[in-house]
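The residues making up each chain are set out below.
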Amino acid sequence: MSKPRKVALVGNPNAGKSALFNSLTGARQKIANYPGVTVERKSGRFVLPTGEPVEMTDLPGSYSLDPTSPDEEVTSKVVRGLFPGEAVPDVLVVVLDASNLEQHLVFAQEILALGKPTVIALNMLDLAERDGLVLDPALLEQELGVAVVPTVAVRRKGLDRLAEAIASAPRREAGAGQTQLTATERRVAAHAMAQGAILSETPRHRLHARIDRLLLDPWLGPLFLFALLFVIFQAVFAWATPFADALEAGVVVLSDMASAALPPGLLRDFITQGMFAGVGSVVVFLPQIVILFAFILFMEASGYMARAAFLMDRMMAGVGLSGRSFIPLLSSFACAIPGIMATRSIADPKDRLTTILIAPLMTCSARLPVYAVIIAAFIPSRTVGAGIGLQGLVLFTLYVAGIIGAMVVALVLRSSVTKGAASGFIMELPKYQMPRLGDLLIGLWQRAWIFLRRAGTIIFMVTVILWLLLSFPRAAEGESQVDASFAGKMANGLAVVVEPIGFNRDMALALIPAMAAREVAVSSLATTYAVDAGNDEQAQALALGDRLKTQWTLPMALSFLAWFVFAPQCLSTIAVARRETNGWKWPLFMLAYLFGLAYIFAGITYWSAIALGL
Amino acid sequence: MTLDHLAIGQRARIVAVYWSSLVAEEAQRLRALGIEEGASVKVSNRGIFGGRDPIAITVGRMTIALRRVHAAAMQVEVLQVEAMQAEVQ
């Protein structure tokens, strides 16, 4: 079999590159990192009309080959064949936003000057026409000297012609027919070309300017943003319930089937109490994670995310950060790992470090399982005022606590360990666009798969190890299995430390495996109480929440919640922070300050609750 | 007049930029976005607090958010005709 042709997609940010990439490669995508850096590498395959296979990579959006961020550096090196370990692309596809040619042609000229076989995708023609702009691709083709294919990636228009153009992209020579231009000369040339390609232009009030008048309004804008954030959190809690219940029922059915099929003994216990109780109790949170990511992906793809950054910039500036930190921090609500990785778009190193350090304070989806179980068990399900559930309100409060904590920490860090010049904020606000359902689904699937893979690997392993620690050595007659086990003895030691903040031994026990991933705290509680219940069928039948209610008081539960607002219980986050900061210094600092905060705030919560007589 | 004093909806041309007063990377980024001498700009939105920071400006068909400190480094001259049109609208 012949080696697939290597094609790279390049273009300015917001040119619709990712939509084009999704349309061409479908869901068959591979996501990894470029070696040595944490810039996401997306690649996928498709087949040209000639039957030749193509491997396409979607390079990070850039304004210039002269990089101002790690993202742009990757693009700059890959297209010039200078990135170690990365094959030189055979064909470059430059994606241009048709309604923003004047800007996008500047970078396109830089790419064309490399002399590689190049095809231009004149994308988002429909949006240009919506704005009253009619273009002639043929005129542009004459000017640029390479094939210009009109595409509307979100409607899958022009894809066949683009594939044909890739298949027949002729060889070119570096600097063919043009001398090396300066940036200013390229801009002048881009202006002339863009004007030349315009057939007609009706000055029309552009839709996005009108939307911006509302969404960036000094008063309505922030109001809308906070209303949206509140809806997201209510949705995560309320909409997911039926799906989570269905998944939970499914796990119970499977567990019962295994239980019926296997002879009583250690193997059966392992499968039902270890595997199903542990992994099952984490997998049921998939619906909540999917809903949260659906909102985040929609905000990104619609162009609203950049507006959110604009609205938040002033507030972030108050603690020494910029609106750019808002996107990594918002992503951290789903998971701190993509959040920390997204900080690479922050140019200022001190700004970036501060954002990395506070990212774990954003309530990630892995905390949701912990919050959800405990809120459901201890907070009554009633409404306070019109349509606002008390449970949702408590959840919202926990999120707000994390945010306020992060802001205060940022302020302290910016005036101490990450002291430096105030950072700037320069960002393009892309056009509003209705995201394509397919693109959202591909994104959702990738996120869900990452979560499930974690459930299948790390969480599974931790659950198994915990079950082993809990099940051995076997208890003597009349002795509780948990008390006799290795884990019980480890927890006894830890319990002394966490006793002042109201934690009992089972809670201390849950903290040990939760270091691997926070959500494991739930499965470990489930495993602990399942093992503890032993063959007592009545106790077994009680749902985890009900069992917690018999074991914990309300102040203990609140203290546990407060602990999880701050505790750095996720080794993967620490590992990513190490990679992003190139050393152990900052991740260790992060561990120390977060554990300190968690301990202090759990203690304050516990003793306040006791004092209030809760 | 500098760009940070331009009223919302007013169109102006950048006549001079005090590049040396900006951080090098930020200057480079502004140039890459086409915000440099000769560019025609319009303030489309402003924030609410702290001197109405940040500022969203329109350059060509792009909207770009930047801070007041960047705008203060740009000397602009108001384009009269368009300014009047904007008022009529």
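All figures in this text were calculated on a predicted structure; none of them were measured in a lab.

Trainee: Honestly, the interface of chain A and chain B in this entry has me stumped. Any pointers?
Mentor: Note on interface size: it is often stated as the accessible area lost on association of the parts. Facing 36 residues of chain A, the contacting portion of chain B comprises 32 residues. Overall, the association of chain A and chain B removes approximately 3000 Å² of surface from exposure, summing both partners, and the carbon and sulfur fraction of that is 54%. Among the residues of chain A in contact with chain B, Phe310, Arg314 and Ile426 of chain A are the three that bury the most area, contributing 23% of the side total. Counting across the chain A and chain B interface gives two salt bridges. The shortest N-O distance in the salt bridge between glutamate 36 of chain B and arginine 187 of chain A comes to 3.1 Å.

Trainee: Looking at this structure, how should I read helix 27 (residues 571–581) of chain A?
Mentor: Side chains three or four residues apart in an α-helix point the same way, a direct result of the helix having 3.6 residues per turn. The set of residues buried in helix 27 of chain A consists of Ser572, Thr573, Ile574, Val576, Ala577, Glu580 and Thr581 of chain A. Positive phi shows up at asparagine 582 of chain A, right after helix 27 of chain A, with a value of about 55°.

Trainee: Explanation requested: the confidence of the model for chain B in the structure shown.
Mentor: Caution applies to low-pLDDT parts of the model: their predicted coordinates are not meant to be read in detail. Averaged over every residue, the pLDDT of chain B is 85; the share at 70 or more is 89%. This complex was scored by the predictor with a pTM of 0.79 and an ipTM of 0.90.

Trainee: How should the sheet that holds strand 8 (residues 148–150) of chain A be read in this particular structure?
Mentor: Hydrogen bonds between backbone groups are what pair the strands of a sheet, and the pairing can be parallel or antiparallel. Residues and elements named next belong to chain A. Here seven strands make up an open sheet; going across it, the order is 2-3-4-1-5-6-8 and the pairing mixed. With partners counted over all chains shown, the strands left at the sheet margins are strand 2 (29–33) and strand 8, one partner each. Each neighbouring strand pair of the sheet contributes to a mean axis angle of 25°, computed without reference to strand direction. Where helix 5 (residues 137–144) meets the sheet, its contacts fall on strand 6 (118–123) and strand 8, and the angle it forms with strand 8 comes to roughly 160°.

Trainee: Is there a simple way to think about the packing of aromatic side chains in this case?
Mentor: To describe a pair of aromatic rings, you give the distance between the ring centres and the angle between the ring planes. Residues and elements named next belong to chain A. All chains considered together, the criterion is met by 15 aromatic pairs over all chains. Ring plane angle 80° and centroid distance 5.5 Å describe the contact between tryptophan 586 and phenylalanine 589, whose orientation is recorded as edge-to-face. On the criterion of helical spacing, the pair formed by tryptophan 586 and phenylalanine 589 is a turn pair, its members being three residues apart in helix 28 (residues 585–611). Here tryptophan 586 falls in the buried class, since its relative accessible area comes to 17%. The partly exposed category is assigned to phenylalanine 589, whose relative accessible area is 29%. A ring pair is formed by tyrosine 606 and tryptophan 607, whose centres lie 5.0 Å apart and whose planes are at 80°; its orientation type is edge-to-face. Its relative accessible area of 14% is what places tyrosine 606 among the buried residues. Each member of the aromatic cluster is reached from another via a ring pair, and the members are Phe378, Phe503, Trp552, Phe560, Trp563, Phe564 and Phe595. The ring centre of tyrosine 432 lies 4.1 Å from the NZ or CZ of arginine 307, which sits over that ring.

What counts, and where the lines are drawn
- Residues numbered from 1 in each chain as written.
- Chains lettered and ligands numbered in written order.
- Predicted model: local features only at pLDDT ≥ 70, side-chain atom pairs only at ≥ 80, totals over all residues.
- Heavy atoms only, no water.
- Contact = heavy atoms within 4.5 Å.
- Buried area = accessible area lost by both parts, 1.4 Å probe.
- Salt bridge = Lys/Arg side-chain N within 4 Å of Asp/Glu carboxyl O.
- Buried < 20%, exposed > 50% of the residue type's maximum accessible area, 1.4 Å probe, protein only.
- Helix = DSSP H or I, 4+ residues; strand = E, 2+ residues; numbered from the N terminus.
- pLDDT = per-residue confidence, 0-100.
- Pairing = 2+ DSSP bridges.
- Axes fitted to C-alpha atoms, helices over the stretch in contact; angles between N-to-C directions.
- Phe/Tyr/Trp six-rings, centres within 6.5 Å; stacked < 30°, edge-to-face > 60°.
- Lys NZ or Arg CZ within 6 Å of the ring centre and 35° of its normal.

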